Amino acid sequence: MQEQQSFTDDERRITLIAVMIVFSLSALDQTIVSTAMPRIVAELKGLNLYAWVTTGYLLTSTVMVPIWGKLSDSHGRKLILLAGIAIFLLGSWLSGLSTSMVQLIVFRAIQGIGGGALFTTAFAIIADMFEPKERARFGGLFGSVFGLASLIGPVVGGFFTEHGTLHLLGQTIAGWRWVFYVNLPLSALALFMVVVKMPKLSHSDGAPIDYLGAALIILTFVPLLLALSWAGQTYPWGSPIIVGLLAFSAVGLAAFLCIETRVREPIMPLELFANRAFATCNSAAFIVSMAFMGVVTFLPLYLQVGMGVAATASGLAMVPMMVGMIGSSTASGLLVSRTGVYKPVMLGGGSMLALAVFLMTFIGPDTSLFGVGWRMFLVGVGLGPSQSLFSLAVQNAVPPHRMGVATSSGMFFRQIGQTMGVALFGALLTHNLNAELIKRAPVEPSGVHQTISVTQLQSMALSRAASGGHASADARSPAMIKATGDSFAAAMKNLFLVALAGLFVALGIMLMIPVLPMRSRAPVAVEA
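Residues numbered from 1 in each chain as written. Predicted model: local features only at pLDDT ≥ 70, side-chain atom pairs only at ≥ 80, totals over all residues. Heavy atoms only, no water.

**What to know about the overall build of the chain**
When helices and strands are tallied, the chain shows 20 helices and four strands. Here the chain holds 528 residues, and 56% of them are scored as buried. Counted over contacts in the chain with a minimum sequence separation of 6, partners at least 24 positions apart contribute 84%. Summed over all atoms, the accessible surface of the chain reaches about 21,600 Å², with 69% contributed by carbon and sulfur. (Helix = DSSP H or I, 4+ residues; strand = E, 2+ residues; numbered from the N terminus. Buried < 20%, exposed > 50% of the residue type's maximum accessible area, 1.4 Å probe, protein only. Contact = heavy atoms within 4.5 Å. Areas by Shrake-Rupley, 256 points an atom, 1.4 Å probe, with all protein chains shown as cover.)

**Things to note about the environment of Ala-435**
Within the element layout of this structure, Ala-435 appears in helix α18 (residues 403-440). Sequence spacing of Ala-435 and Ala-491 is 56 residues, and the spatial spacing of their C-alpha atoms is 8.7 Å.

**So, the nonpolar core**
Residues Ile-40, Leu-81, Phe-142, Leu-299, Met-376 and Met-492 are the most contacted members of the largest nonpolar core, which totals 151 residues. When residues in this core are grouped by element, the largest group, 14 residues, is from helix α20 (residues 478-511). Not counting residues within four places of it along the chain, the set of residues in contact with Met-376 comprises Val-296, Leu-299, Ala-317, Met-318, Pro-320, Met-321 and Met-360. (Core = buried A, V, L, I, M, F, W, Y, C linked by side-chain atoms within 4.5 Å.)

**Observations concerning the packing of helix α4 (residues 77-97) against helix α5 (residues 101-129)**
Two numbers describe how α4 lies on α5: the axes approach to 7 Å, and their chain directions differ by 155°. As far as their axial angle goes, α5 and α4 are roughly antiparallel. In the crossing of α4 with α5, the sense of the turn from one axis to the other is left-handed. Looking at the contact of α4 with α5 residue by residue, the classes come out as 15 nonpolar, nine polar and three charged. (Axes fitted to C-alpha atoms, helices over the stretch in contact; angles between N-to-C directions. Parallel < 35°, antiparallel > 145°, perpendicular 65-115°, else oblique. Left-handed = near helix turned anticlockwise from the far one by under 90°. Nonpolar A, V, L, I, M, F, W, Y, C, P; charged D, E, K, R; others polar.)

**Topic: a nonpolar patch on the surface**
The grouping of Leu-316, Val-319, Val-323 and Phe-377 at the surface amounts to a nonpolar patch, some 320 Å² of accessible area in total. Structurally, the position occupied by Leu-316 is in helix α13 (residues 311-316). The exposed category is assigned to Leu-316, whose relative accessible area is 56%. (Patch = residues over 30% accessible without salt bridge, like charges linked within 9 Å, V, L, I, M, F, W, Y side chains within 5 Å. Salt bridge = Lys/Arg side-chain N within 4 Å of Asp/Glu carboxyl O.)

**Describing the packing of helix α3 (residues 52-75) against α18**
Contact geometry for α3 and α18: axes closest at 7 Å, N-to-C directions at 165°. If you check the angle between α3 and α18, you find them roughly antiparallel. Viewed along their axes, α3 and α18 form a crossing whose handedness is left-handed. Along the contact surface, α3 presents Leu-58, Ser-61, Thr-62, Val-63, Val-65, Pro-66, Gly-69, Lys-70, Ser-72 and Asp-73, while α18 presents Met-403, Gly-404, Val-405, Ser-408, Met-411, Phe-412, Gln-415, Ile-416 and Thr-419. Tallied by class, residues from the contact of α3 with α18 come to nine nonpolar, eight polar and two charged.

**Observations concerning the pattern of salt bridges**
Under the definition given, this model contains three salt bridges. A salt bridge links Glu-43 to Arg-177, with the nearest nitrogen and oxygen atoms 3.4 Å apart. In this pair, Glu-43 sits in helix α2 (residues 37-44) while Arg-177 sits in the loop between β3 (171-173) and α7 (178-181), placing the two residues 134 residues apart along the sequence. For Glu-43, a relative accessible area of 40% corresponds to the partly exposed category. Residue classification places Arg-177 among the buried residues on the basis of a relative accessible area of 12%. A salt bridge links Arg-402 to Glu-271; the nearest nitrogen and oxygen atoms lie 2.8 Å apart.

**A short note on the side chain of Ser-187**
With respect to the helices and strands, Ser-187 occurs in helix α8 (residues 183-197). For Ser-187, a relative accessible area of 1% translates into the label buried. At a separation of 2.7 Å, a polar atom in the side chain of Ser-187 contacts the main-chain carbonyl oxygen of Asn-183. Excluding anything up to four places from it in sequence, Ser-187 contacts Leu-25, Ile-85, Phe-88 and Leu-89. (Polar contact = N/O pair within 3.5 Å; in protein donor to acceptor, adjacent residues only side chain to side chain.)

**Some points on the packing of aromatic side chains**
Under the counting rule described, the total for this entry stands at nine aromatic pairs. Here the aromatic rings of Trp-178 and Tyr-181 are separated by 5.4 Å at their centres, their planes lie at 80°, and the arrangement is edge-to-face. Taken together, the positions of Trp-178 and Tyr-181, both in helix α7 and three residues apart, correspond to about one turn of that helix. Among the residues examined, Tyr-181 registers a relative accessible area of 14% and is labelled buried. (Phe/Tyr/Trp six-rings, centres within 6.5 Å; stacked < 30°, edge-to-face > 60°.)

**What about helix α12 (residues 299-306)?**
Extensive coverage of α12 is indicated by the burial of eight of its eight residues. Of the residues one or two after α12, Gly-308 is the one with positive phi, at around 75°.

**Section: α8**
Helix length check: α8 (15 residues) gives 21 Å between terminal C-alpha atoms against 21 Å at 1.5 Å per residue, within 8%. By the burial criterion, the buried members of α8 are Asn-183, Leu-184, Ser-187, Ala-190, Met-193 and Val-194. On its buried side, α8 packs onto α1 (9-32), α4, α5 and α7. (Expected span 1.5 Å × (residues − 1).)

**Quick look at the environment of Leu-383**
With respect to the helices, strands and loops of the structure, Leu-383 is situated in helix α16 (residues 369-383). Residues Leu-383 and Ser-329, spaced 54 residues apart in sequence, show a C-alpha to C-alpha distance of 8.0 Å. Among residues more than four places away in sequence, those in contact with Leu-383 are Val-288, Phe-292, Met-325 and Leu-353.

**Structural notes on the confidence of the model for the chain**
Put simply, the chain has an average pLDDT of 80, and 85% of its residues get 70 or more. Counted against residues more than four places away or in other chains, residues 522-528, with its pLDDT under 50, gives 20 contacts. (pLDDT = per-residue confidence, 0-100.)

Structure below.
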(Lines give C-alpha, C1' and ligand atoms only; values in the text may rest on other atoms or scores of the structure.)
Protein backbone atom coordinates (compact mmCIF):
# COMPACT_ATOMS: atom_id res chain seq x y z
CA MET A 1 0.00 0.00 0.00
CA GLN A 2 1.06 3.59 -0.60
CA GLU A 3 -0.03 6.59 1.40
CA GLN A 4 0.97 10.21 1.73
CA GLN A 5 3.80 10.73 4.16
CA SER A 6 3.08 13.26 6.89
CA PHE A 7 5.54 15.12 9.06
CA THR A 8 5.34 16.45 12.59
CA ASP A 9 6.21 20.07 13.34
CA ASP A 10 9.22 18.82 15.27
CA GLU A 11 10.48 16.81 12.28
CA ARG A 12 10.06 19.77 9.96
CA ARG A 13 11.72 22.23 12.33
CA ILE A 14 14.74 20.05 13.18
CA THR A 15 15.20 18.98 9.55
CA LEU A 16 15.06 22.60 8.36
CA ILE A 17 17.68 23.65 10.93
CA ALA A 18 19.96 20.75 9.95
CA VAL A 19 19.57 21.52 6.24
CA MET A 20 20.28 25.21 6.85
CA ILE A 21 23.48 24.29 8.70
CA VAL A 22 24.81 22.07 5.90
CA PHE A 23 23.75 24.56 3.22
CA SER A 24 25.52 27.42 5.03
CA LEU A 25 28.65 25.27 5.43
CA SER A 26 28.70 24.53 1.70
CA ALA A 27 28.14 28.20 0.83
CA LEU A 28 30.71 29.42 3.38
CA ASP A 29 33.35 27.02 2.09
CA GLN A 30 33.33 28.75 -1.29
CA THR A 31 34.51 32.06 0.22
CA ILE A 32 36.24 31.36 3.54
CA VAL A 33 39.30 29.76 1.94
CA SER A 34 40.17 32.70 -0.34
CA THR A 35 41.56 34.99 2.36
CA ALA A 36 43.65 32.18 3.87
CA MET A 37 45.29 31.16 0.58
CA PRO A 38 48.32 33.53 0.71
CA ARG A 39 49.25 32.13 4.14
CA ILE A 40 48.61 28.54 2.99
CA VAL A 41 50.86 29.00 -0.04
CA ALA A 42 53.58 30.54 2.14
CA GLU A 43 53.57 27.49 4.44
CA LEU A 44 52.90 24.64 2.00
CA LYS A 45 54.75 26.20 -0.98
CA GLY A 46 53.56 25.35 -4.50
CA LEU A 47 52.50 28.78 -5.77
CA ASN A 48 52.06 27.23 -9.24
CA LEU A 49 49.28 25.05 -7.78
CA TYR A 50 47.46 28.00 -6.18
CA ALA A 51 44.42 27.94 -8.47
CA TRP A 52 43.96 24.17 -8.13
CA VAL A 53 42.81 24.49 -4.51
CA THR A 54 39.66 26.16 -5.83
CA THR A 55 39.52 24.30 -9.15
CA GLY A 56 39.67 20.88 -7.45
CA TYR A 57 36.66 21.69 -5.29
CA LEU A 58 34.77 23.21 -8.23
CA LEU A 59 35.37 20.21 -10.51
CA THR A 60 34.15 17.53 -8.12
CA SER A 61 31.24 19.49 -6.68
CA THR A 62 29.93 20.45 -10.14
CA VAL A 63 30.09 17.03 -11.80
CA MET A 64 28.62 15.31 -8.73
CA VAL A 65 25.54 17.55 -8.49
CA PRO A 66 23.35 15.68 -11.06
CA ILE A 67 24.63 12.32 -9.81
CA TRP A 68 23.68 13.10 -6.21
CA GLY A 69 20.29 14.38 -7.38
CA LYS A 70 19.49 11.14 -9.17
CA LEU A 71 20.75 9.03 -6.25
CA SER A 72 18.50 10.95 -3.85
CA ASP A 73 15.51 10.15 -6.07
CA SER A 74 16.46 6.46 -6.08
CA HIS A 75 17.73 5.92 -2.53
CA GLY A 76 16.01 8.66 -0.53
CA ARG A 77 17.12 12.14 0.55
CA LYS A 78 18.20 11.15 4.06
CA LEU A 79 20.77 8.56 3.01
CA ILE A 80 22.28 10.85 0.38
CA LEU A 81 22.38 13.85 2.73
CA LEU A 82 24.11 11.73 5.40
CA ALA A 83 26.63 10.54 2.81
CA GLY A 84 27.25 14.11 1.64
CA ILE A 85 27.76 15.44 5.18
CA ALA A 86 30.11 12.55 6.04
CA ILE A 87 32.24 13.05 2.90
CA PHE A 88 32.31 16.84 3.38
CA LEU A 89 33.34 16.36 7.02
CA LEU A 90 36.10 13.92 6.04
CA GLY A 91 37.39 16.27 3.33
CA SER A 92 37.40 19.21 5.77
CA TRP A 93 39.33 17.24 8.39
CA LEU A 94 41.90 15.99 5.88
CA SER A 95 42.29 19.48 4.35
CA GLY A 96 43.16 20.84 7.78
CA LEU A 97 45.82 18.13 8.18
CA SER A 98 47.45 18.81 4.79
CA THR A 99 51.24 19.08 4.71
CA SER A 100 51.61 19.88 1.00
CA MET A 101 49.68 21.65 -1.73
CA VAL A 102 49.10 18.37 -3.58
CA GLN A 103 47.50 16.88 -0.46
CA LEU A 104 45.34 19.97 0.02
CA ILE A 105 44.12 19.83 -3.59
CA VAL A 106 43.19 16.14 -3.30
CA PHE A 107 41.42 16.66 0.02
CA ARG A 108 39.59 19.71 -1.29
CA ALA A 109 38.39 17.56 -4.19
CA ILE A 110 37.02 15.05 -1.64
CA GLN A 111 35.35 17.94 0.17
CA GLY A 112 33.78 19.02 -3.13
CA ILE A 113 32.26 15.57 -3.66
CA GLY A 114 30.36 15.97 -0.40
CA GLY A 115 29.62 19.65 -1.03
CA GLY A 116 27.80 18.77 -4.26
CA ALA A 117 25.35 16.65 -2.25
CA LEU A 118 24.70 19.36 0.34
CA PHE A 119 23.40 21.96 -2.10
CA THR A 120 21.19 19.76 -4.23
CA THR A 121 19.75 17.63 -1.43
CA ALA A 122 18.91 20.67 0.70
CA PHE A 123 16.53 22.11 -1.90
CA ALA A 124 15.01 18.72 -2.70
CA ILE A 125 14.27 18.06 1.00
CA ILE A 126 12.50 21.41 1.33
CA ALA A 127 10.44 20.53 -1.76
CA ASP A 128 9.43 17.20 -0.18
CA MET A 129 8.47 18.51 3.24
CA PHE A 130 6.83 21.88 2.57
CA GLU A 131 4.02 23.30 0.45
CA PRO A 132 5.21 25.38 -2.54
CA LYS A 133 4.14 28.65 -0.90
CA GLU A 134 6.14 27.79 2.22
CA ARG A 135 8.94 26.61 -0.03
CA ALA A 136 9.16 30.04 -1.64
CA ARG A 137 9.69 31.62 1.78
CA PHE A 138 12.37 29.12 2.74
CA GLY A 139 13.96 29.38 -0.70
CA GLY A 140 14.34 33.11 -0.12
CA LEU A 141 15.87 32.34 3.26
CA PHE A 142 18.37 29.99 1.61
CA GLY A 143 19.32 32.75 -0.84
CA SER A 144 19.89 35.07 2.11
CA VAL A 145 22.08 32.47 3.81
CA PHE A 146 24.17 32.18 0.65
CA GLY A 147 24.60 35.96 0.50
CA LEU A 148 25.45 36.15 4.21
CA ALA A 149 28.01 33.35 3.84
CA SER A 150 29.60 35.28 0.98
CA LEU A 151 29.84 38.32 3.25
CA ILE A 152 31.24 36.72 6.38
CA GLY A 153 33.38 34.05 4.69
CA PRO A 154 36.37 36.29 3.92
CA VAL A 155 36.11 37.92 7.36
CA VAL A 156 36.05 34.58 9.20
CA GLY A 157 38.86 33.22 7.02
CA GLY A 158 40.98 36.29 7.69
CA PHE A 159 40.33 36.13 11.44
CA PHE A 160 41.36 32.48 11.74
CA THR A 161 44.40 33.03 9.55
CA GLU A 162 45.66 36.01 11.55
CA HIS A 163 44.59 35.12 15.10
CA GLY A 164 43.76 31.39 15.14
CA THR A 165 47.22 29.89 15.65
CA LEU A 166 47.25 27.66 18.77
CA HIS A 167 50.05 26.05 20.76
CA LEU A 168 48.64 22.88 22.31
CA LEU A 169 50.58 20.07 24.04
CA GLY A 170 53.81 21.14 22.40
CA GLN A 171 52.20 21.26 18.95
CA THR A 172 51.49 24.35 16.87
CA ILE A 173 48.23 24.43 14.91
CA ALA A 174 48.43 27.12 12.22
CA GLY A 175 45.50 29.49 12.13
CA TRP A 176 44.64 28.76 8.49
CA ARG A 177 43.86 25.15 9.39
CA TRP A 178 40.83 26.31 11.39
CA VAL A 179 39.33 27.49 8.11
CA PHE A 180 38.70 23.78 7.51
CA TYR A 181 38.35 22.56 11.09
CA VAL A 182 35.45 24.99 11.73
CA ASN A 183 33.32 22.69 9.57
CA LEU A 184 33.81 19.71 11.91
CA PRO A 185 31.59 20.58 14.91
CA LEU A 186 28.82 22.06 12.76
CA SER A 187 28.86 19.09 10.38
CA ALA A 188 28.76 16.69 13.33
CA LEU A 189 25.78 18.59 14.79
CA ALA A 190 23.91 18.47 11.47
CA LEU A 191 24.75 14.77 11.13
CA PHE A 192 23.24 14.06 14.56
CA MET A 193 20.08 16.08 13.84
CA VAL A 194 19.53 14.33 10.50
CA VAL A 195 20.03 10.86 11.98
CA VAL A 196 17.73 11.48 14.95
CA LYS A 197 14.90 13.60 13.57
CA MET A 198 14.81 13.66 9.79
CA PRO A 199 12.25 11.28 8.21
CA LYS A 200 13.42 8.90 5.50
CA LEU A 201 11.82 10.68 2.50
CA SER A 202 12.25 7.58 0.36
CA HIS A 203 11.48 7.70 -3.36
CA SER A 204 12.97 4.34 -4.31
CA ASP A 205 11.32 2.56 -7.23
CA GLY A 206 13.83 -0.29 -7.41
CA ALA A 207 15.25 0.85 -10.75
CA PRO A 208 18.95 0.14 -11.37
CA ILE A 209 21.41 3.03 -11.17
CA ASP A 210 22.75 4.32 -14.49
CA TYR A 211 26.43 3.97 -13.59
CA LEU A 212 27.56 4.38 -17.21
CA GLY A 213 25.64 7.65 -17.49
CA ALA A 214 27.22 8.87 -14.25
CA ALA A 215 30.69 8.00 -15.55
CA LEU A 216 30.00 9.81 -18.83
CA ILE A 217 28.91 12.94 -16.96
CA ILE A 218 32.33 12.96 -15.31
CA LEU A 219 34.17 12.21 -18.56
CA THR A 220 32.23 14.98 -20.34
CA PHE A 221 32.34 17.82 -17.88
CA VAL A 222 35.70 17.39 -16.14
CA PRO A 223 37.57 18.03 -19.44
CA LEU A 224 35.16 20.89 -20.23
CA LEU A 225 35.71 22.58 -16.87
CA LEU A 226 39.46 22.07 -17.11
CA ALA A 227 39.51 23.59 -20.60
CA LEU A 228 37.46 26.58 -19.48
CA SER A 229 39.62 27.07 -16.38
CA TRP A 230 42.94 26.86 -18.28
CA ALA A 231 42.05 28.56 -21.57
CA GLY A 232 43.53 32.03 -21.87
CA GLN A 233 45.30 31.65 -18.51
CA THR A 234 47.55 28.59 -18.43
CA TYR A 235 47.30 27.75 -22.15
CA PRO A 236 46.16 29.72 -25.23
CA TRP A 237 42.63 29.00 -26.47
CA GLY A 238 43.92 27.38 -29.64
CA SER A 239 46.59 25.24 -27.97
CA PRO A 240 46.51 21.45 -28.57
CA ILE A 241 45.67 20.68 -24.92
CA ILE A 242 42.63 23.02 -24.85
CA VAL A 243 41.37 21.84 -28.23
CA GLY A 244 41.95 18.23 -27.18
CA LEU A 245 40.03 18.66 -23.92
CA LEU A 246 37.11 20.31 -25.70
CA ALA A 247 37.07 17.56 -28.35
CA PHE A 248 37.16 14.86 -25.66
CA SER A 249 34.28 16.61 -23.88
CA ALA A 250 32.24 16.74 -27.11
CA VAL A 251 32.75 13.01 -27.71
CA GLY A 252 31.77 12.31 -24.09
CA LEU A 253 28.62 14.40 -24.47
CA ALA A 254 27.59 12.55 -27.64
CA ALA A 255 28.10 9.20 -25.90
CA PHE A 256 26.16 10.45 -22.84
CA LEU A 257 23.18 11.54 -24.93
CA CYS A 258 23.22 8.22 -26.77
CA ILE A 259 23.27 6.19 -23.53
CA GLU A 260 20.61 8.30 -21.80
CA THR A 261 18.08 7.56 -24.55
CA ARG A 262 18.50 3.81 -24.09
CA VAL A 263 18.73 3.04 -20.38
CA ARG A 264 15.64 2.34 -18.27
CA GLU A 265 16.36 4.94 -15.59
CA PRO A 266 18.84 7.56 -16.88
CA ILE A 267 20.98 9.60 -14.51
CA MET A 268 19.62 12.76 -16.21
CA PRO A 269 16.27 11.96 -17.89
CA LEU A 270 16.22 13.70 -21.26
CA GLU A 271 12.42 13.92 -21.25
CA LEU A 272 12.78 16.65 -18.65
CA PHE A 273 13.98 18.95 -21.43
CA ALA A 274 10.56 18.53 -23.08
CA ASN A 275 9.07 20.12 -19.97
CA ARG A 276 8.75 23.79 -20.88
CA ALA A 277 9.21 25.08 -17.34
CA PHE A 278 12.34 22.95 -16.85
CA ALA A 279 13.88 24.01 -20.19
CA THR A 280 13.13 27.73 -19.94
CA CYS A 281 14.02 28.16 -16.25
CA ASN A 282 17.35 26.37 -16.61
CA SER A 283 18.20 28.22 -19.83
CA ALA A 284 17.51 31.58 -18.20
CA ALA A 285 19.41 30.60 -15.04
CA PHE A 286 22.40 29.47 -17.15
CA ILE A 287 22.60 32.80 -18.99
CA VAL A 288 22.06 34.90 -15.84
CA SER A 289 24.81 32.97 -14.04
CA MET A 290 27.19 33.36 -16.97
CA ALA A 291 26.57 37.11 -17.31
CA PHE A 292 26.68 37.76 -13.57
CA MET A 293 29.92 35.86 -12.91
CA GLY A 294 31.56 37.31 -15.99
CA VAL A 295 30.97 40.80 -14.57
CA VAL A 296 31.65 40.46 -10.84
CA THR A 297 34.73 38.24 -11.18
CA PHE A 298 36.78 40.95 -12.86
CA LEU A 299 35.34 44.01 -11.12
CA PRO A 300 37.67 43.84 -8.05
CA LEU A 301 40.62 43.43 -10.45
CA TYR A 302 39.51 46.53 -12.33
CA LEU A 303 39.14 48.49 -9.10
CA GLN A 304 42.67 47.56 -8.02
CA VAL A 305 44.58 47.82 -11.30
CA GLY A 306 42.40 50.17 -13.34
CA MET A 307 41.36 52.59 -10.59
CA GLY A 308 44.21 52.13 -8.09
CA VAL A 309 41.93 51.06 -5.22
CA ALA A 310 43.46 49.05 -2.36
CA ALA A 311 42.66 45.31 -2.23
CA THR A 312 40.65 45.61 0.99
CA ALA A 313 38.58 48.49 -0.34
CA SER A 314 37.91 46.62 -3.59
CA GLY A 315 36.59 43.71 -1.54
CA LEU A 316 34.35 46.02 0.47
CA ALA A 317 32.89 47.34 -2.79
CA MET A 318 31.25 43.93 -3.20
CA VAL A 319 29.47 44.16 0.17
CA PRO A 320 26.56 46.31 -1.14
CA MET A 321 25.81 43.63 -3.74
CA MET A 322 25.53 40.96 -1.02
CA VAL A 323 23.35 43.23 1.11
CA GLY A 324 21.03 43.85 -1.83
CA MET A 325 20.90 40.13 -2.63
CA ILE A 326 20.07 39.17 0.96
CA GLY A 327 17.27 41.73 1.14
CA SER A 328 15.69 40.98 -2.24
CA SER A 329 16.02 37.21 -1.85
CA THR A 330 14.17 37.33 1.47
CA ALA A 331 11.57 39.80 0.21
CA SER A 332 10.87 37.87 -3.00
CA GLY A 333 10.45 34.63 -1.04
CA LEU A 334 7.94 36.25 1.31
CA LEU A 335 6.07 37.86 -1.59
CA VAL A 336 5.72 34.61 -3.53
CA SER A 337 4.78 32.79 -0.33
CA ARG A 338 1.87 35.19 0.23
CA THR A 339 0.65 35.59 -3.35
CA GLY A 340 1.52 32.24 -4.94
CA VAL A 341 2.70 34.12 -8.05
CA TYR A 342 6.37 33.84 -9.05
CA LYS A 343 6.77 34.88 -12.70
CA PRO A 344 6.31 38.66 -12.21
CA VAL A 345 8.87 38.56 -9.39
CA MET A 346 11.32 36.72 -11.66
CA LEU A 347 10.83 39.27 -14.43
CA GLY A 348 11.17 42.14 -11.97
CA GLY A 349 14.45 40.76 -10.66
CA GLY A 350 15.79 40.15 -14.17
CA SER A 351 14.83 43.66 -15.27
CA MET A 352 16.50 45.21 -12.22
CA LEU A 353 19.66 43.20 -12.90
CA ALA A 354 19.71 44.38 -16.53
CA LEU A 355 19.22 48.00 -15.41
CA ALA A 356 22.03 47.66 -12.86
CA VAL A 357 24.45 46.24 -15.45
CA PHE A 358 23.50 49.05 -17.84
CA LEU A 359 24.36 51.58 -15.12
CA MET A 360 27.70 49.79 -14.63
CA THR A 361 28.68 50.80 -18.16
CA PHE A 362 29.11 54.39 -16.88
CA ILE A 363 31.88 53.40 -14.44
CA GLY A 364 35.24 54.94 -15.33
CA PRO A 365 38.67 55.64 -13.80
CA ASP A 366 37.26 58.64 -11.92
CA THR A 367 34.20 56.86 -10.45
CA SER A 368 34.15 56.86 -6.63
CA LEU A 369 33.77 53.72 -4.52
CA PHE A 370 30.34 55.01 -3.53
CA GLY A 371 29.43 55.21 -7.23
CA VAL A 372 30.48 51.61 -7.69
CA GLY A 373 28.83 50.56 -4.43
CA TRP A 374 25.27 51.76 -5.15
CA ARG A 375 25.37 50.17 -8.57
CA MET A 376 26.50 46.88 -7.03
CA PHE A 377 23.64 47.14 -4.54
CA LEU A 378 21.21 47.24 -7.47
CA VAL A 379 22.98 44.22 -9.00
CA GLY A 380 22.33 42.34 -5.75
CA VAL A 381 18.68 43.42 -5.66
CA GLY A 382 18.19 42.11 -9.20
CA LEU A 383 20.05 38.88 -8.52
CA GLY A 384 18.19 37.95 -5.31
CA PRO A 385 14.98 36.48 -6.79
CA SER A 386 16.91 34.14 -9.09
CA GLN A 387 18.53 32.45 -6.09
CA SER A 388 15.39 30.45 -5.38
CA LEU A 389 12.55 31.16 -7.82
CA PHE A 390 13.98 29.28 -10.81
CA SER A 391 14.24 26.16 -8.65
CA LEU A 392 10.75 26.74 -7.26
CA ALA A 393 9.23 26.96 -10.76
CA VAL A 394 10.99 23.78 -11.87
CA GLN A 395 9.99 21.86 -8.75
CA ASN A 396 6.39 22.96 -9.25
CA ALA A 397 6.38 21.59 -12.83
CA VAL A 398 8.08 18.18 -12.61
CA PRO A 399 6.71 14.87 -11.27
CA PRO A 400 7.51 14.17 -7.61
CA HIS A 401 9.74 11.21 -8.46
CA ARG A 402 11.93 13.53 -10.58
CA MET A 403 12.26 16.22 -7.90
CA GLY A 404 15.85 15.43 -6.92
CA VAL A 405 17.30 15.17 -10.40
CA ALA A 406 15.33 18.22 -11.62
CA THR A 407 16.59 20.32 -8.69
CA SER A 408 20.18 19.17 -9.11
CA SER A 409 20.09 19.74 -12.88
CA GLY A 410 19.19 23.38 -12.32
CA MET A 411 22.15 23.85 -9.98
CA PHE A 412 24.38 21.99 -12.42
CA PHE A 413 23.51 24.34 -15.29
CA ARG A 414 24.09 27.37 -13.06
CA GLN A 415 27.55 26.17 -12.04
CA ILE A 416 28.49 25.40 -15.64
CA GLY A 417 27.20 28.86 -16.59
CA GLN A 418 29.35 30.48 -13.90
CA THR A 419 32.46 28.63 -15.09
CA MET A 420 31.80 29.50 -18.72
CA GLY A 421 31.13 33.12 -17.78
CA VAL A 422 34.50 33.49 -16.05
CA ALA A 423 36.36 31.83 -18.94
CA LEU A 424 34.63 33.55 -21.85
CA PHE A 425 34.49 36.99 -20.26
CA GLY A 426 38.15 36.62 -19.25
CA ALA A 427 39.08 35.97 -22.89
CA LEU A 428 36.92 38.90 -24.01
CA LEU A 429 38.49 41.18 -21.39
CA THR A 430 42.02 40.27 -22.51
CA HIS A 431 41.17 40.84 -26.19
CA ASN A 432 39.46 44.19 -25.60
CA LEU A 433 42.11 45.40 -23.16
CA ASN A 434 44.94 44.75 -25.59
CA ALA A 435 43.00 46.28 -28.47
CA GLU A 436 42.59 49.46 -26.40
CA LEU A 437 46.25 49.40 -25.30
CA ILE A 438 47.33 49.49 -28.94
CA LYS A 439 45.51 52.82 -29.23
CA ARG A 440 46.69 54.32 -25.93
CA ALA A 441 49.92 52.73 -24.66
CA PRO A 442 53.38 54.08 -25.54
CA VAL A 443 55.18 51.95 -28.11
CA GLU A 444 58.29 50.04 -27.02
CA PRO A 445 61.64 51.22 -28.53
CA SER A 446 61.58 48.02 -30.58
CA GLY A 447 58.30 49.15 -32.12
CA VAL A 448 56.31 46.38 -30.44
CA HIS A 449 53.04 47.22 -28.69
CA GLN A 450 52.78 46.16 -25.05
CA THR A 451 50.10 43.61 -24.19
CA ILE A 452 48.67 42.40 -20.88
CA SER A 453 46.94 39.15 -19.94
CA VAL A 454 44.49 38.59 -17.10
CA THR A 455 47.22 36.64 -15.28
CA GLN A 456 49.53 39.67 -15.47
CA LEU A 457 46.74 41.90 -14.18
CA GLN A 458 46.31 39.55 -11.21
CA SER A 459 50.05 39.68 -10.56
CA MET A 460 49.93 43.49 -10.56
CA ALA A 461 47.07 43.40 -8.05
CA LEU A 462 48.98 40.95 -5.81
CA SER A 463 52.10 43.16 -5.94
CA ARG A 464 50.11 46.22 -4.90
CA ALA A 465 48.43 44.26 -2.10
CA ALA A 466 51.77 42.93 -0.84
CA SER A 467 53.15 46.49 -0.68
CA GLY A 468 50.14 47.75 1.25
CA GLY A 469 48.50 49.18 -1.87
CA HIS A 470 51.32 51.58 -2.73
CA ALA A 471 51.62 52.51 -6.38
CA SER A 472 55.40 52.54 -5.95
CA ALA A 473 55.26 48.74 -6.20
CA ASP A 474 54.18 49.17 -9.80
CA ALA A 475 57.27 49.13 -12.05
CA ARG A 476 55.39 50.49 -15.07
CA SER A 477 55.89 54.05 -16.29
CA PRO A 478 53.25 56.68 -15.37
CA ALA A 479 52.20 56.81 -19.03
CA MET A 480 51.70 53.04 -19.11
CA ILE A 481 49.78 53.10 -15.81
CA LYS A 482 47.39 55.74 -17.18
CA ALA A 483 47.03 53.90 -20.50
CA THR A 484 46.25 50.67 -18.65
CA GLY A 485 43.61 52.38 -16.50
CA ASP A 486 41.89 54.00 -19.48
CA SER A 487 42.10 50.81 -21.55
CA PHE A 488 40.79 48.72 -18.67
CA ALA A 489 37.80 51.07 -18.29
CA ALA A 490 36.96 50.76 -21.99
CA ALA A 491 37.37 46.96 -21.90
CA MET A 492 35.13 46.67 -18.84
CA LYS A 493 32.46 48.78 -20.53
CA ASN A 494 32.44 46.32 -23.43
CA LEU A 495 32.20 43.47 -20.90
CA PHE A 496 29.16 45.07 -19.29
CA LEU A 497 27.52 45.57 -22.69
CA VAL A 498 27.98 41.89 -23.59
CA ALA A 499 26.57 40.89 -20.20
CA LEU A 500 23.63 43.23 -20.78
CA ALA A 501 22.92 41.60 -24.15
CA GLY A 502 22.94 38.21 -22.45
CA LEU A 503 20.52 39.42 -19.77
CA PHE A 504 18.11 40.67 -22.45
CA VAL A 505 18.17 37.16 -23.94
CA ALA A 506 17.52 35.73 -20.46
CA LEU A 507 14.56 38.11 -20.01
CA GLY A 508 13.13 36.94 -23.33
CA ILE A 509 13.38 33.33 -22.14
CA MET A 510 11.76 34.26 -18.81
CA LEU A 511 8.75 35.55 -20.73
CA MET A 512 8.27 32.02 -22.08
CA ILE A 513 8.25 30.40 -18.62
CA PRO A 514 4.75 28.91 -18.22
CA VAL A 515 2.54 30.15 -15.39
CA LEU A 516 1.43 27.08 -13.45
CA PRO A 517 -0.73 27.06 -10.33
CA MET A 518 1.14 26.28 -7.13
CA ARG A 519 0.32 22.69 -6.35
CA SER A 520 0.04 21.31 -2.86
CA ARG A 521 2.89 19.23 -1.49
CA ALA A 522 3.16 16.06 -3.53
CA PRO A 523 2.52 12.76 -1.79
CA VAL A 524 5.68 10.94 -0.81
CA ALA A 525 5.36 7.19 -1.13
CA VAL A 526 5.99 5.17 2.01
CA GLU A 527 5.27 1.63 2.91
CA ALA A 528 2.14 1.27 5.04
